[in-house]
Amino acid sequence: MAKKEKRQVITINNKQYDIKDLSEEQLIMVNHVHDLDNKLRTAQFNIDQMKGGRNYFMSLLEKTLNE
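Please clarify how the packing of aromatic side chains should be interpreted in this entry.
The relative placement of two aromatic rings is captured by the distance of their centres and the angle of their planes. Going through the model one piece at a time under the given rule, you end up with one aromatic pair. A ring pair is formed by Tyr 56 and Phe 57, whose centres lie 5.1 Å apart and whose planes are at 75 degrees; its orientation type is edge-to-face. Accessibility expressed as a relative area gives 47% for Tyr 56, which makes it partly exposed.

Here you go:
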């Protein structure tokens, strides 16, 4: 019995594209977009973390100034 090959698709603007139908140049662009999406998520995580840390230290500073 032959194994059924799993179709790999990517969705762009609500339209599905079969990976095997994309050119090498298109695949490179897809990889860049994917990598940039990951970097944006990481950057937003870092911003959120830094804002939280800043707020914490600002509250400590305000507490000492009010004493």
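Looking at this structure, how should I read the side chain of Asp 18?
As for its placement among the helices and strands, Asp 18 is situated in strand S2 (residues 15–18). Of note is the side chain of Asp 18, whose polar atom sits 3.1 Å from the side chain of Arg 7. In contact with Asp 18, not counting residues within four places along its chain, are Arg 7, Gln 8 and Val 9.

Just to check I follow, could you spell out unusual backbone geometry for this structure?
Across the chain, the bulk of peptide bonds are trans and the bulk of non-glycine residues have phi less than zero. We note that Asn 13 has phi near 55 degrees; this positive angle belongs to a residue other than glycine. Tracing the backbone shows Asn 13 in the loop between strand S1 (9–12) and S2. Classification of Asn 13 by relative accessible area gives exposed; the value is 75%. The residue Asn 14 is not glycine, and still its phi comes out positive at about 65 degrees. Turning to its location among the elements, Asn 14 is positioned in the loop between S1 and S2. Taking the relative accessible area as the measure of exposure, Asn 14 reaches 80% and is therefore exposed.

I keep staring at a nonpolar patch on the surface and nothing clicks. Help me out?
Together, Tyr 56, Phe 57 and Leu 60 make up an exposed nonpolar region whose accessible area comes to about 330 Å². When its relative accessible area of 56% is taken as the criterion, Phe 57 is described as exposed.

What is the right way to read the pattern of salt bridges from this model?
Side-chain pairing between opposite charges can occur once the charged atoms of the two side chains come close. If you walk through the whole model with that rule in mind, you get two salt bridges. Residue Arg 7 pairs with Asp 18 through a salt bridge whose shortest N-O separation is 3.1 Å. Remark: Asp 18 occurs in strand S2 and Arg 7 occurs in the segment before S1; sequence separation between them is 11 residues. Residue Arg 7 is classed as exposed on the basis of its relative accessible area of 56%. By relative accessible area, Asp 18 is classed as buried at 12%. Where Asp 35 meets Lys 39, a salt bridge forms, and the shortest distance between an N and an O atom there is 3.2 Å. Within this pair, Asp 35 and its partner Lys 39 are both found in helix H1 (residues 24–65), separated by four residues, close to a single helical turn. Note on Asp 35: relative accessible area 35%, which makes it partly exposed.

Cut-offs and rules
Residue numbering note: each chain is counted from 1, following its sequence as written. Side-chain atom pairs in this predicted model are given and counted only at pLDDT of 80 or more, local residue features only at pLDDT of at least 70, and totals for whole chains, interfaces and linings cover all residues. Neither water nor hydrogens contribute to the side-chain values; these are computed over all heavy atoms in the structure. Stacked, edge-to-face and tilted are the three classes for Phe, Tyr and Trp ring pairs, Trp counted by its six-membered ring, which pair at centre distances within 6.5 Å; planes under 30 degrees apart are stacked, over 60 edge-to-face, the rest tilted. Relative accessible area decides the class of each residue, using a 1.4 Å probe on protein chains only: under 20% of the type maximum gives buried, over 50% gives exposed, and in between gives partly exposed. What counts as a helix is a DSSP run of H or I of at least four residues, what counts as a strand is a run of E of at least two, and both are numbered from the N terminus. Identification of polar contacts relies on pairs of N or O atoms within 3.5 Å, with a donor-acceptor requirement for protein atoms, meaning one able to donate a hydrogen and the other able to accept it, and with residues adjacent in sequence counted only if both atoms are side-chain atoms. Note on contacts: a residue pair is in contact if any heavy atoms of the two residues lie within 4.5 Å. To count toward a patch, a residue needs a relative accessible area over 30% and no salt bridge; like charges are then connected within 9 Å, while nonpolar side chains (Val, Leu, Ile, Met, Phe, Trp, Tyr) are connected within 5 Å. Where accessible areas are quoted, they stem from the Shrake-Rupley method and a 1.4 Å probe; at the residue level, only the protein chains shown are allowed to cover. Salt bridge, as applied in this entry: a Lys or Arg side-chain nitrogen positioned within 4 Å of an Asp or Glu carboxyl oxygen.

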